[in-house]
Amino acid sequence: MNHDEVTSDPKPLDPVLLRSFLKVCETLSFTEAARQLGLRQSSVSQHVARLEKRVGRKLLARDTHEVRPTPDGDAIQPFARQVLEAGSRIEHYLKGSTLRGRLRLGVSEDFAFTALPDILAEFAMQHHAVDLELTVGLSGRLYEQYDAGDLDLIFVKRRNGDARGVVAWEERLVWIGRPGSRLAEQPVVPLVLYPPPSITRIHAIETLEQAGRAWRVACTSGSLAGLRAATVAGLGVTAHSARLIPPGLAEAEPREALPRLGSIEFVVVGGQSHEEAARALAASILSGAGRLLPAESSAARRGRA
């Protein structure tokens, strides 16, 4: 074959287009995606249109009520993230970092099944000389360790009455249990709870008390894995973040049988000190917060209304 007849490889996809596409998938809104990216809405729309033309597929379905990924749009999201993350890792590696020292981070159990390890890995790659130590535990206990000077930075649920920290997001709490168990209908609600000083435990019990519902502790576990195992086994229901529900569990049915739990804030506490490494890690967690949460489905949003 003549070398002149060989077709060259296709041009790589533009990361700018991928970033706009992923942000619309994350927010389910062109307006909100544009705001978070610091762009005009028309620019984000053009980026998505150019990407769809480039790949020859419809990636987003739009109507007057909502924007949602098509099956092709859902399928390419992991690949698009890999492209952006690879570019970010290359950039961070080449830039290097002058930060040094030992940094002790405490993270709530809620993030055991999220993309937080990826965010921490990217931070570690960028800041080679920072020795990062990770403690995973209950938010209430992490507050105690932070206040005692044993942790430099914590990513936790906001403690009632504690105004410290920068809000990563506000999250709806829901009752969850084994699918189809209908434990919420029992006269005395069986609960699967973290031990004190769990913030979610306090919130769940206070909500039931205020509603006049009888309850009992069916199981106590100090880890998310243990809490999940007991709840999957059908021992009881528990309160949990709506978009961080562990595999094998679902919102307790019927939903109207238990009082609404309201919402809670996830905050990064620390990082405002003179320690530059702590500030840099806090910024990395806050900027990557959107990657930790799957978008709520339209059905979930209707159920909340």
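See the structure above.
First, a word on scope: everything that follows refers to the structure included in this document. (Residues numbered from 1 in each chain as written. Predicted model: local features only at pLDDT ≥ 70, side-chain atom pairs only at ≥ 80, totals over all residues. Heavy atoms only, no water.)

### Here's the deal with empty space enclosed by the protein
Basically, it comes down to this: Buriedness of a pocket was judged along seven lines, with at least five required to meet protein on both sides within 12 Å; pockets are open sets of points on a 1 Å grid over the protein atoms alone, cavities are sets where a 1.4 Å probe fits but cannot get out, and lining residues have an atom within 4 Å of a point. Grid points are joined across faces, edges and corners, and a volume is the space filled by probe spheres set on the points. Numbered from the N terminus, helices here are DSSP runs of H or I no shorter than four residues, and strands are runs of E no shorter than two.
Applying the stated criterion across every chain yields a total of two cavities of 30 Å³ or more. Put simply, the largest cavity is a space of about 50 Å³. In terms of lining, the largest cavity is formed by Ser108, Asp110, Gly137, Leu138, Ser139, Lys157, Tyr194, Ser198, Ile199 and Thr200. Surrounding the second largest cavity, Leu193, Tyr194, Ser198, Thr200, Arg201, Leu227, Thr238 and Ala239 form its lining. Mapped by element, the contributors of at least two residues to the lining of the second largest cavity are helix H7 (199–211) and strand S9 (238–241).

### Brief notes about unusual backbone geometry
Convention followed: Burial classes: relative accessible area under 20% of the type maximum marks a residue as buried, over 50% as exposed, and values in between as partly exposed (1.4 Å probe, protein chains only).
Backbone torsion omega between Pro196 and Pro197 reads 10 degrees, so that peptide bond is classified as cis. Structurally, Pro197 is set in the loop between strand S7 (188–193) and H7. Omega for the peptide link from Glu253 to Pro254 comes to -10 degrees, which places this bond in the cis form. With a phi close to 55 degrees, Leu28 is a non-glycine residue in the positive phi region. Within the secondary structure, Leu28 is located in the loop between helix H1 (15–27) and helix H2 (30–37). Phi at Arg182 takes a positive value of approximately 55 degrees, unusual for a residue other than glycine. Locating Arg182 in the fold gives a position in the loop between strand S6 (166–177) and S7. For Arg182, a relative accessible area of 40% puts it in the partly exposed group.

### Some details on the side chain of Ser108
In plain terms, the rule: Polar contacts, as used here, are pairs of N or O atoms within 3.5 Å; protein pairs need one atom able to donate a hydrogen and one able to accept it. Residues neighboring in sequence count only if both atoms are side-chain atoms. The contact criterion used is simple: two residues touch if any of their non-hydrogen atoms lie within 4.5 Å.
Note that Ser108 resides in strand S3 (residues 101–108). A relative accessible area of 2% means that Ser108 is categorised as buried. In terms of polar contacts, Ser108 uses its side chain to reach the side chain of Asp110, at 2.4 Å. In this structure the side chain of Ser108 is engaged in a polar contact, spanning 3.5 Å, whose partner is the side chain of Ser139. Beyond its immediate stretch of four places on either side in the chain, Ser108 contacts Val136, Gly137, Ser139, Leu142, Phe155, Val156 and Lys157.

### What to know about the pairing of strand S8 (residues 214–220)
Counted only if it meets this: The rule for pairing is simple: two strands pair if DSSP sees at least two bridges between them.
Judged from the six bridges that link them, S7 and S8 form a sheet pairing that is parallel. Following the sheet pairing, Leu191 is matched in S8 by Val217.

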